[in-house]
Amino acid sequence: GAVVSQHPSRVICKSGTSVKIECRSLDFQATTMFWYRQFPKKSLMLMATSNEGSKATYEQGVEKDKFLINHASLTLSTLTVTSAHPEDSSFYICSAREDGRALNEQFFGPGTRLTVL
Amino acid sequence: AQSVTQPDIHITVSEGASLELRCNYSYGATPYLFWYVQSPGQGLQLLLKYFSGDTLVQGIKGFEAEFKRSQSSFNLRKPSVHWSDAAEYFCAVGTPMNYGGSQGNLIFGKGTKLSVKP
């Protein structure tokens, strides 16, 4: 149980285009999901906290208009990288916290490798 | 502010040898602590977690960790390392929901890369 999927696993796009990444909790409901970014050989940096039915909470320094988050259901959150540029190339990982489960335990997706040419 | 420090960037051990990965945290209350493992190009897998109770926590794949409040540490150990353990290991501290406005997010250390020699 407690599986989180991400789609796509890998995407290559041209500079200036937008890319949508989906994060799904497959066997549980998740009011809250998190989006992280990981640079090569670096730790995970929290970008934003996604809450079903309300606006996402962005961490300081993360551009809301560039990284659009939509959490339209209890099992799906999407991250759209708008007008992508090469510096947006990174590994994006989402996690979900199961509703009703104690405390902070999060379940992580397998990640999405974004390459912007 | 909450923070997590993993002092070792890269550790190499021989297969069959014991392993200890260090993690220190800074936190103003009782922490929730986690160890995750990440293989190249993959997401994170939870090894073990500490919320309360017994300070020695058993996890998957033969790993264990000990919470030492006096040292603000949560070191990860394994008595005998296998080649398949080579990966990146992350320690994380969880902030309780509604503590300082938190929504229960995790703060990660910078990771320790483990290499295993044959």
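Residues numbered from 1 in each chain as written. Chains lettered and ligands numbered in written order. Predicted model: local features only at pLDDT ≥ 70, side-chain atom pairs only at ≥ 80, totals over all residues. Heavy atoms only, no water.

Looking now at the confidence of the model for chain B. Per-residue pLDDT for chain B averages 90, and the proportion of residues at 70 or more is 93%. Of all the helices and strands in chain B, strand β11 (residues 106-108) of chain B carries the lowest mean pLDDT, 89, while strand β3 (residues 19-21) of chain B carries the highest, 98. (pLDDT = per-residue confidence, 0-100. Helix = DSSP H or I, 4+ residues; strand = E, 2+ residues; numbered from the N terminus.)

Further remarks concern the interface of chain B and chain A. Contacts between the two partners involve 23 residues from chain B and, on the opposite side, 22 residues from chain A. Across the chain B to chain A interface the summed buried area is about 1,800 Å²; carbon plus sulfur atoms make up 54%. Counting the contacts that link chain B with chain A gives 0 salt bridges. At the boundary of chain B with chain A, the tally comes to 4 residue pairs in polar contact (both at pLDDT 80 or more). Of all the secondary-structure elements, those providing two or more residues to the side of chain B that touches chain A are β5 (32-38), β6 (44-50), β10 (87-94) and β11 of chain B. Residue contributions to the side of chain B that touches chain A peak at 4 residues, all from β5(B). Counted by class, the side of chain B that touches chain A contains 11 nonpolar, 10 polar and 2 charged residues. (Contact = heavy atoms within 4.5 Å. Buried area = accessible area lost by both parts, 1.4 Å probe. Salt bridge = Lys/Arg side-chain N within 4 Å of Asp/Glu carboxyl O. Polar contact = N/O pair within 3.5 Å; in protein donor to acceptor, adjacent residues only side chain to side chain. Nonpolar A, V, L, I, M, F, W, Y, C, P; charged D, E, K, R; others polar.)

Residues and elements named next belong to chain B. Both strand β7 (residues 56-58) and strand β8 (residues 64-68) contribute to a ladder of 3 bridges, which runs antiparallel. Looking at the pairing, V57 lines up with A65 of β8. Remark: 5 residues form the turn of the hairpin made by β7 and β8, two consecutive strands paired antiparallel; K61 in that turn has positive phi of roughly 60°. Where β8 lies against strand β9 (residues 73-78), 5 bridges are found, and the strand directions are antiparallel. Among the inter-strand pairings, E66 is bridged to a residue of β9, identified as N75. Hairpin connection between β8 and β9: a loop of 4 residues separates the two successive antiparallel strands, and S72 in this loop has a positive phi of roughly 50°. (Pairing = 2+ DSSP bridges.)

With that settled, the discussion passes to the pattern of salt bridges. Side-chain pairing between opposite charges can occur once the charged atoms of the two side chains come close. According to the stated counting rule, one finds 6 salt bridges over all chains in the structure shown. Across the salt bridge formed by A:E22 and A:R24, the nearest N and O atoms sit 3.5 Å from each other. Judged by its relative accessible area of 24%, A:E22 is partly exposed. Between B:R22 and B:D8 there is a salt bridge, and its shortest N-O distance comes to 2.9 Å. Of this pair, B:R22 sits in the loop between β3 and β4 (24-26) while B:D8 is found in the loop between β1 (3-5) and β2 (10-14), placing the two residues 14 residues apart along the sequence. Taking relative accessible area as the criterion, B:D8 reaches 18% and is therefore assigned buried. Through salt bridges with shared partners, a single network forms among B:E64, B:E66 and B:R77. (Buried < 20%, exposed > 50% of the residue type's maximum accessible area, 1.4 Å probe, protein only.)

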